[in-house]
Amino acid sequence: MPTSGTPEYRARRRERERQRRQQAQQTPTRMARSQPAAAEADGRARRAAATTCGWCGGPITPRSRGPIPKWCSATCRHRAWEQSRAAACDQAAVRVVERHVQIRVPLQPTRRDWPRLLTELADQLSDGRVYDRDLPGLARALQPVLQAYRSRARTTGAPDVP
């Protein structure tokens, strides 16, 4: 037996819903000739009027019998209940909390930042805050920096680094 999650079940359900809507559209025109039928047509119009959810504004498919639904789902019904219960106690069902979060974005260092950053690197190396496993990668990154500095120092007369 197919369950509600199978495509066949959903297809049959869509077909039944389409047939029900088609029948509901045809029925008021056929029964509008007599007085009792006019009252029933008014009831159908009343049912058709309740097509939007009272909480989320989503569509509601009214059933042919039973109470006229106000909500599209049990979740919306529960949220509306929470809201009305909180309103009865002069409270808000939802508390809005606003806070500003600052995210540090690393900026590209300028020429004035490099001495401070290199000093911080030297301090971390001497304190042991840089792991031994990170030293080979750091050495590979520092080699092009030292080569670029040495070539620039020769042309400008800046002190050479041994």
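Note that the structure is a prediction, hence the values are computed from the model and not measured.

When the charged atoms of two side chains lie near each other, side chains of opposite charge can form a pair. Counted under the stated rule, the structure contains six salt bridges. Of the charged contacts in the structure, one is a salt bridge between Glu 17 and Arg 20, with a shortest N-O distance of 2.5 Å. Of the two residues, Glu 17 and Arg 20 both sit in helix H1 (residues 7-31), three residues apart, roughly one turn of that helix. What makes Glu 17 partly exposed here is its relative accessible area of 23%. For Arg 20, a relative accessible area of 29% corresponds to the partly exposed category. Salt bridges linked by common partners bring Glu 17, Arg 20 and Arg 21 together as one network.

Take helix H5 (residues 135-156) next. With 22 residues, H5 should cover 32 Å at 1.5 Å per step; its first-to-last C-alpha distance of 30 Å lies within 8% of that length. The largest bend along H5 reaches roughly 25° and is located at Leu 142, with the proline Pro 144 sitting one to four residues downstream. Gly 157 sits one or two positions beyond H5 and adopts a positive phi of about 85°.

Let's shift gears to helix H4 (residues 114-127). With 14 residues, H4 extends 20 Å between its outermost C-alpha atoms, agreeing within 8% with the 20 Å of an ideal straight helix rising 1.5 Å per residue. One or two positions beyond H4, positive phi appears at Gly 128, with a value near 85°.

With respect to the helices and strands, the residue Gln 83 is situated in helix H3 (residues 74-88). The class for Gln 83 is partly exposed, based on a relative accessible area of 35%. As a C-alpha pair, Gln 83 and Trp 55 span 28 residues in sequence and 9.9 Å in three-dimensional space.

Using the criterion set out here, one finds zero disulfides in the structure. The closest cysteine sulfur to the non-disulfide-bonded Cys 53 is located on Cys 56, 3.7 Å from its own sulfur. Not part of a disulfide, Cys 56 finds its nearest cysteine sulfur in Cys 72, a span of 3.6 Å. The class of Cys 56 is partly exposed, set by a relative accessible area of 46%.

What follows deals with the confidence of the model for the chain. On average, residues of the chain carry a pLDDT of 81, and 80% of them reach 70 or more. Element-level pLDDT for the chain is lowest in helix H2 (residues 35-49), with a mean of 58, against a maximum mean of 93 in H4.

Quick notes on the rules
- Residues numbered from 1 in each chain as written.
- Predicted model: local features only at pLDDT ≥ 70, side-chain atom pairs only at ≥ 80, totals over all residues.
- Heavy atoms only, no water.
- Salt bridge = Lys/Arg side-chain N within 4 Å of Asp/Glu carboxyl O.
- Helix = DSSP H or I, 4+ residues; strand = E, 2+ residues; numbered from the N terminus.
- Buried < 20%, exposed > 50% of the residue type's maximum accessible area, 1.4 Å probe, protein only.
- Expected span 1.5 Å × (residues − 1).
- Bend = angle between axes of the 7 residues up to and from the residue.
- Disulfide = S-S within 2.5 Å.
- pLDDT = per-residue confidence, 0-100.

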